[in-house]
Amino acid sequence: MIIASNFKTNHTRASTRAYMEELDRFVRESGSRQRVMVFPPATALERFETAPQIVTGVQNAYPVEKGSFTGEIGLEQIDEFGLRTILVGHSERRHIFGETQQMCAQKYTFFQTHGFEIVYCIGEPEAVRQKGIEAVVDYNFAQLEGIDLDYGKLIVAYEPVWAIGTGLTASAEQIDETLTRLRRKIKAPLLYGGSVKPANTEEILKIENCDGVLVGTASWDVGQFCEMIAIADRLS
Ligand code: 13P
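Now for a quick tour of the structure. Every value quoted in this text rests on a predicted model; they were computed, and no experiment measured them.

1. Details of the side chain of K107
For K107, the position within the fold is in helix α4 (residues 101–113). Classification of K107 as buried rests on a relative accessible area of 3%. A polar side-chain atom of K107 sits 3.4 Å from the main-chain carbonyl oxygen of A61.

See the structure below:
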C-alpha cells in the first residue's frame, strides 16, 4: 500500500531532517513493506538517505525548467535534489490559490513528459457532496479533464474538500462508493485523503478499491505516521 504524508506548510528544515531520520529508522527496523511517501515544504528538501521504500516528493512546482515565476520552483530546482515525485491538483492549490483545471493539466503534462511519478489529487466540495453521488462523480471526473489516465506513473488521491483538515472523515460507505465509481475510469492506484489518522486508518485501508492514504495533519507527528504505516503492515 501507499502511505503518504503531505507536510503542507509545516516543519522546518531542521525538524524535517529529524522526522526523516526517525521515519527511516522505523521503516528499516520494522521491515515495512509499504511504499512510504513524504512531501516536505520546498525549503526543507534534501537528498535524504533513506530506505528505498521511502520516497520524497515536492508538493508543487511550476511547469517550467526555470524562468521568471516569482515564488515558484521549477524543474531545475527539483533536479538539484534528484526528486522525481510530485503532487498535482491538491485542493488547497485549486481553491486557495485558484489553480484552474487547465493549469493542473498543464502541470500534469509537463511533469509526465519529464517522467515524474504524479500523485494527482481530486475531490468535491461539501455543496457537491450534498447533491449526491452522481454530482460527486461528475465533479471528480471533470477534474480528470486533460489528464492522461494511462500514464504508468500516476497515482490518484481522492480527497473530498470537506474532509480535509476538518476532522470530518468521509464515512467508509462514502469512500467505498466513490472509489468504486472512480475505479471504472481509473486503473492507477487510488488513495483516500481527508482527516486520516491512526484511529481510522484500518477501516479506510480495508476498503476494496483503496490502495493507500494521503495524510496531512495526523502525519506531521512522526509517531502517528509510523503508527499508520504499522497498521498497513498488519493488514497486508
Ligand atoms: P488532513 O489529513 O489534514 O485532512 O489533510 C489531508 C490532505 O489534504 C492531504 O493532502
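2. A look at the layout of surface pockets
As a volume, the largest pocket reaches approximately 440 Å³. Along the walls of the largest pocket sit 18 residues, with K8, T9, Q59, N60 and R93 positioned nearest its centre. Looking at the lining of the largest pocket, its residues break down into 8 nonpolar, 6 polar and 4 charged. If you add up the space inside the second largest pocket, you get close to 190 Å³. Around the second largest pocket, the lining comprises 19 residues; the ones closest to its centre are G165, S195, V196, G216 and T217. Taken together, the residues of the lining of the second largest pocket break down into 6 nonpolar, 10 polar and 3 charged.

3. Things to note about the site of the ligand
As a matter of local geometry, the ligand sits amid N6, K8, H90, E159, A163, I164, G165, G194, S195, L214, G216 and T217. A distance of 3.1 Å separates an oxygen atom of the ligand from a polar atom in the side chain of N6. One of the side-chain nitrogen or oxygen atoms of E159 is found 3.0 Å away from an oxygen atom of the ligand. Bound to the protein, the ligand loses 99% of the 310 Å² it would expose on its own. Comparing atom positions with the cavity grids shows the ligand to sit within the second largest pocket.

4. Topic: the pattern of salt bridges
Counting across every chain of the model gives 12 salt bridges. A salt bridge links K8 to E92; the shortest N-O distance between them is 2.8 Å. Of this pair, K8 sits in the loop between β1 (2–6) and α1 (13–30) while E92 sits in helix α3 (residues 91–95), placing them 84 residues apart in sequence. On the basis of relative accessible area, K8 is assigned to the buried category, the value being 15%.

5. Observations regarding a negative patch on the surface
A cluster of like negative charges, contributed by E173, D176, E177, E203 and E208, occupies part of the molecular surface. With 3 residues, helix α7 (residues 172–183) is the largest single contributor of residues to the negative patch. Tracing the sequence through the fold places E208 in the loop between α8 (198–205) and β8 (212–215). Here E208 falls in the exposed class, since its relative accessible area comes to 70%.

6. Some words on α1
With 18 residues, α1 ought to run about 26 Å at 1.5 Å a step, and its terminal C-alpha atoms sit 26 Å apart, in line with that. Every buried residue of α1 is listed here: T16, Y19, M20, L23, D24 and V27. Seen along its axis, α1 keeps its buried residues to an arc of 130°; they face one direction. Projecting away from the buried face of α1 at angles above 90 degrees are the exposed residues A14 and E29. At its buried positions, α1 is contacted by β1, β2 (35–39), β3 (54–56) and α9 (222–235). One side-chain oxygen at the N-terminal end of α1 lies 3.4 Å from the backbone nitrogen of A14; it belongs to T12.

7. Structural notes on the packing of aromatic side chains
For the structure on display, the rule yields 8 aromatic pairs. The interplanar angle of 80° and the centroid separation of 5.7 Å between the aromatic rings of Y108 and Y120 together place this pair among those described as edge-to-face. Placement of the pair is Y108 in helix α4 and Y120 in strand β5 (residues 117–122), with a sequence separation of 12 residues. Judged by its relative accessible area of 0%, Y108 falls in the buried class. Given a relative accessible area of 0%, Y120 falls into the buried group. The structure contains a cluster of three or more aromatic residues connected by ring pairs, namely F7, Y19 and F225. For K185, the ring lying beneath its charged end belongs to F141, and the centroid distance is 4.6 Å.

Conventions used here
Residues numbered from 1 in each chain as written. Predicted model: local features only at pLDDT ≥ 70, side-chain atom pairs only at ≥ 80, totals over all residues. Heavy atoms only, no water. Helix = DSSP H or I, 4+ residues; strand = E, 2+ residues; numbered from the N terminus. Buried < 20%, exposed > 50% of the residue type's maximum accessible area, 1.4 Å probe, protein only. Polar contact = N/O pair within 3.5 Å; in protein donor to acceptor, adjacent residues only side chain to side chain. 1 Å grid on protein atoms, 1.4 Å probe; cavity = no way out; pocket = protein on both sides within 12 Å on 5 of 7 lines; lining within 4 Å. Points joined across faces, edges and corners; volume = space filled by probe spheres on them. Nonpolar A, V, L, I, M, F, W, Y, C, P; charged D, E, K, R; others polar. Near = heavy atom within 4 Å. Areas by Shrake-Rupley, 256 points an atom, 1.4 Å probe, with all protein chains shown as cover. Sits in = over half its atoms within 2 Å of the grid points. Salt bridge = Lys/Arg side-chain N within 4 Å of Asp/Glu carboxyl O. Patch = residues over 30% accessible without salt bridge, like charges linked within 9 Å, V, L, I, M, F, W, Y side chains within 5 Å. Lys, Arg positive; Asp, Glu negative; His and termini not counted. Charge placed at Lys NZ, Arg CZ, Asp CG, Glu CD. Expected span 1.5 Å × (residues − 1). Arc of directions from axis to C-beta. Contact = heavy atoms within 4.5 Å. Phe/Tyr/Trp six-rings, centres within 6.5 Å; stacked < 30°, edge-to-face > 60°. Lys NZ or Arg CZ within 6 Å of the ring centre and 35° of its normal.

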